[in-house]
Amino acid sequence: MSDKSIGIFDSGVGGTSIWKEIHQLLPNEHTIYLADSINAPYGTKGTKKITELSVKNTEFLLKKDCKLIVVACNTATTNAIDYLRKTFDVPFIGIEPAIKPAALNTKTNAVGILATKGTLSSALFSKTSGRFASNIKLIEREGTGIVELIESGKLRSDEMRTLLHQYLEPMLKAHIDYLVLGCTHYPYLIPILLELLPNHVKIIDSGEAVARQTKAILEKNNLLNTAKVNPKLEFYTNGSVEVMQSLLGNSLDIDYLKF
Ligand SMILES: N[C@H](CCC(=O)O)C(=O)O
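Note that this is a predicted model, so its numbers are computed, not measured.

Thoughts on the layout of surface pockets
In this model, the largest pocket occupies a volume close to 740 Å³. Along the wall of the largest pocket there are 30 residues; nearest its centre are Gly94, Ile95, Glu96, Leu124 and Thr128. Elements with a minimum of two residues in the lining of the largest pocket: helix H3 (74–87), strand S4 (92–93), helix H4 (99–105), helix H6 (123–132) and helix H10 (207–220). Here the lining of the largest pocket is built from residues that sort into 15 nonpolar, nine polar and six charged.

Things to note about the site of the ligand
Within the structure, the ligand sits among 13 residues, and Ser11, Tyr42, Gly43, Asn74 and Thr75 are positioned closest to it. Between an oxygen atom of the ligand and a side-chain N or O atom of serine 11, the distance comes to 2.6 Å. A distance of 2.8 Å is found between a nitrogen atom of the ligand and a side-chain nitrogen or oxygen belonging to histidine 185. With the chains in place, 99% of the 300 Å² that the ligand exposes on its own is no longer accessible.

Re empty space enclosed by the protein
All told, the structure shown has two cavities of 30 Å³ or more when counted by the stated rule. Space inside the largest cavity adds up to approximately 60 Å³. Every residue lining the largest cavity is counted, 14 residues in all, and those nearest its centre are Ser11, Cys73, Thr75, Thr116 and Cys183. Looking at the lining of the largest cavity residue by residue, the classes come out as five nonpolar, eight polar and one charged. Looking at the second largest cavity, its volume works out to about 50 Å³. Along the walls of the second largest cavity sit Ser17, Ile18, Asn74, Ile95, Leu181, Cys183, Thr184, Pro187, Asp205, Ser206 and Gly207, which together make up its complete lining. Grouping the constituent residues of the lining of the second largest cavity by class yields five nonpolar, five polar and one charged.

Some thoughts on the UniProt feature "binding site: substrate" (unreviewed entry) in the protein
Under the feature "binding site: substrate" (unreviewed entry), the UniProt entry names Asp10, Ser11, Tyr42, Gly43, Asn74, Thr75, Thr184 and His185. Despite a sequence span of 176 residues, these residues sit close together in the fold, their greatest C-alpha distance being 12.0 Å. Within the annotated group just given, the residues that line the largest cavity are Asp10, Ser11, Tyr42, Gly43, Asn74, Thr75, Thr184 and His185. Residue position: aspartate 10 is located in strand S1 (residues 6–10). Assessed through its relative accessible area of 0%, aspartate 10 is described here as buried. In this view, aspartate 10 contacts Gly15, Tyr33, Leu34, Ala35, Asp36, Ala72, Cys73, Thr184 and His185; residues no more than four positions away in its chain are not counted.

Cut-offs applied
- Residues numbered from 1 in each chain as written.
- Predicted model: local features only at pLDDT ≥ 70, side-chain atom pairs only at ≥ 80, totals over all residues.
- Heavy atoms only, no water.
- 1 Å grid on protein atoms, 1.4 Å probe; cavity = no way out; pocket = protein on both sides within 12 Å on 5 of 7 lines; lining within 4 Å.
- Points joined across faces, edges and corners; volume = space filled by probe spheres on them.
- Helix = DSSP H or I, 4+ residues; strand = E, 2+ residues; numbered from the N terminus.
- Nonpolar A, V, L, I, M, F, W, Y, C, P; charged D, E, K, R; others polar.
- Near = heavy atom within 4 Å.
- Polar contact = N/O pair within 3.5 Å; in protein donor to acceptor, adjacent residues only side chain to side chain.
- Areas by Shrake-Rupley, 256 points an atom, 1.4 Å probe, with all protein chains shown as cover.
- UniProt positions renumbered as here; feature names shortened; annotations may be inferred.
- Buried < 20%, exposed > 50% of the residue type's maximum accessible area, 1.4 Å probe, protein only.
- Contact = heavy atoms within 4.5 Å.

This is the structure we're talking about:
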């Protein structure tokens, strides 16, 4: 049993989509979320820079005595998680695009994946796609510009619809029946994607799986918080508090903090 916090970080506000899944599954846990929005997007940076920023984020959360770190960012996971695991003595949970379930279930043998350049060009991504998707057509598109629009509060904008339309077009031409969201900012696009995609295309993201894995690793290490307390929910950002608030809503008792 441990009443220390779960630490969660992302390049910005996107990882709050993962935080929601974790909080829903583990409502007793104290959490500290770190949005490094000033350095977003990570997806256009190289592995060295992404690793450097991930180390800085981890150090921030460890100074706050977190018991486990969730890397709520596909780009940071695919580029830096091996280094983090080797460097810090704390359990890490990462997130990767959910290619496996899409590849196993596709009927058209064509799966679309929308992710950042940093994720799609990573060694971990090519290993995973080689392993699970070698027999299917994988239509990869970099979601250039999407993270920037979300970070600047333009989630529901004409610019966003234009970008998404452009990225989905080649996927629809290839008759995909699954779209894998390979960036934690993208679950916030689901209402718009549902309007743009035909009904038979299913959208998959990895949020729930990450929450389940977080629970399993806490259990395994005897770190679950079994006390029935009101959890402390702290959200640190070096970007806009308003944008973060707009994604999380007002119903939760959240402390928003600048760093
Ligand atoms: N939310 C991130 C990072 C996007 C970015 O900063 O480019 C991800 O899952 O990849």
